[in-house]
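An overview of the molecular structure
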Amino acid sequence: MAAAPCRLHVVVGASPSQYRSVANLIRSIDVHHAKRTQLCVSMFTLPRHEAEALNFVQCTRPTLANTILRLRVFDEGGFEPRIRTNGRDLRRDLLSPYNWFRFYLRRESFPPADGNVPVLYLDTDTLVVGDLSEVFRRPLGAADAFAAASERPYDRSLKHFVCANVSGAWRGAVSLNAGVLLLNLRAWEEQAVLRRWSALTRRHERARRLNLCGIYRLPGQAELQLLNLSYAVLPSSYNVHDLGCRGRAKDWKDRLRRSAGAHILHFNGPSKPWSRPHMHNRTRYEQSLIDLWNRFTPAESC
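Residues numbered from 1 in each chain as written. Predicted model: local features only at pLDDT ≥ 70, side-chain atom pairs only at ≥ 80, totals over all residues. Heavy atoms only, no water.

**Points about the overall build of the chain**
Summing up its helical and strand segments, the chain has eleven helices and nine strands in all. The proportion of buried residues among the 302 residues of the chain is 53%. Sequence-distant contacts, at least 24 apart, represent 78% of the contacts inside the chain between residues at least 6 apart. As presented, the chain carries roughly 13,900 Å² of accessible surface, and 50% of it is formed by carbon and sulfur atoms. (Helix = DSSP H or I, 4+ residues; strand = E, 2+ residues; numbered from the N terminus. Buried < 20%, exposed > 50% of the residue type's maximum accessible area, 1.4 Å probe, protein only. Contact = heavy atoms within 4.5 Å. Areas by Shrake-Rupley, 256 points an atom, 1.4 Å probe, with all protein chains shown as cover.)

And the structure:
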């Protein structure tokens, strides 16, 4: 008898060096899913990593009780139209195909492809601490191409991404963090997001050839706002960010306050829970989050 089709789709993409964090992420999704509706986690990998990814998936599946884990292979050669650019500040992690595949997801890959089932993308440095079913019930208008949580006021963050020659247009705006991204793939395709994004990339590169800053300095996130797409804003509980950034005691008190009642924690920043070299100088606030992360560490590594 065929299994019931998945109504909730979560997507992650991981290279072999990220399997440790992804194992905890997938287990955290499984533990908190109430199983009222079938939930599938699709792990995307490059062809050159397929054998290692298959071993990881086969090892992880028996540990899951409430979710279905699937392996998907994506080909970087299929990234058309081209939207990736080096930006001004070269960061190798931002150039990885694992950072870009989320924008090329296709509606037909997630049946039933009726356009009413959003797909939730999660960065590999996130941890789920609440039932995700609610995020799929968030209002997402027919014209909204995606939903993401706002990170912080424009003056502190979006300004870091956007060049001075376009920054004036963003006064008073907020920046978005695309590490948790709820995608409406029907609207994404109907609004030709990739074609418009590609045009923006070409405009940026023409400016760079003239030794101008162009449009943005760091690629892969600010463009979602520069494209003037219709989007919804997720509550901050679905992306409690900056948990991988060092800070003062008052910063950590604020982060812990925000993590109360959270659904998704995001360890963006250089100080990850699995960064062993820095364990000796963790603050007690950081240690409390490390202890939480370790609760989902498998007894046997895959």
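**So, the state of the cysteines**
This model, assessed by the stated rule, comprises one disulfide. Disulfide pairing is shown between C6 and C40; the S-S distance is 1.6 Å. Residue C6 is located in the segment before strand 1 (8–13), and its partner C40 is located in strand 2 (residues 39–45); the two are separated by 34 residues in the primary sequence. For the pair C6 and C40, a shared accessibility class is recorded, and that class is buried. (Disulfide = S-S within 2.5 Å.)

**Some thoughts on the pattern of salt bridges**
Scanning the entire structure with this criterion turns up five salt bridges. With its nearest N and O atoms 3.5 Å apart, the salt bridge here joins E189 to R107. Taken together, the positions of E189 in helix 7 (residues 185–190) and R107 in the loop between helix 3 (92–95) and strand 4 (119–122) put the pair 82 residues apart, joining distant regions of the chain. Classification of E189 by relative accessible area gives partly exposed; the value is 30%. Between K272 and D125 there is a salt bridge, and its shortest N-O distance comes to 2.6 Å. Of this pair, K272 sits in the loop between strand 9 (264–266) and helix 11 (284–294) while D125 sits in the loop between strand 4 and strand 5 (126–128); the two residues are 147 residues apart in sequence, bridging distant segments of the chain. Here K272 and D125 have matching classes, each one buried. (Salt bridge = Lys/Arg side-chain N within 4 Å of Asp/Glu carboxyl O.)

**Quick look at the nonpolar core**
If you look at the biggest cluster of nonpolar residues, it comprises 34 residues, and the most contacted ones within it are F103, L105, F146, L181, W188 and W197. Of all the secondary structure elements, the ones that give two or more residues to this core are strand 4, strand 6 (146–153), strand 7 (174–183), helix 7, helix 8 (193–209) and helix 9 (223–226). (Core = buried A, V, L, I, M, F, W, Y, C linked by side-chain atoms within 4.5 Å.)

**Topic: unusual backbone geometry**
Of note, the amide linkage connecting E80 to P81 takes the cis form, showing an omega dihedral of -5°. Here P81 is to be found in the loop between strand 3 (68–73) and helix 3.

**Here's the deal with helix 2 (residues 50–60)**
An α-helical segment advances 3.6 residues per turn. Residues three or four places apart therefore align on the same side. Among the residues of helix 2, those classed as buried are A53, F56, V57 and T60. Down the axis of helix 2, the smallest arc covering the buried residues is 95°, so these residues share one side. Away from its buried face by more than 90 degrees, helix 2 exposes A51 and N55. At its buried positions, helix 2 is contacted by helix 1 (19–32), strand 2 and strand 3. (Arc of directions from axis to C-beta.)

**Thoughts on helix 1**
The terminal C-alpha atoms of helix 1 lie 20 Å apart, and with 14 residues this matches the ideal 20 Å at 1.5 Å per residue to within 8%. Among the 14 residues of helix 1, ten are classified as buried, and the element is accordingly described as predominantly covered. Those residues of helix 1 lying buried are Y19, S21, V22, A23, N24, L25, I26, S28, I29 and D30. (Expected span 1.5 Å × (residues − 1).)

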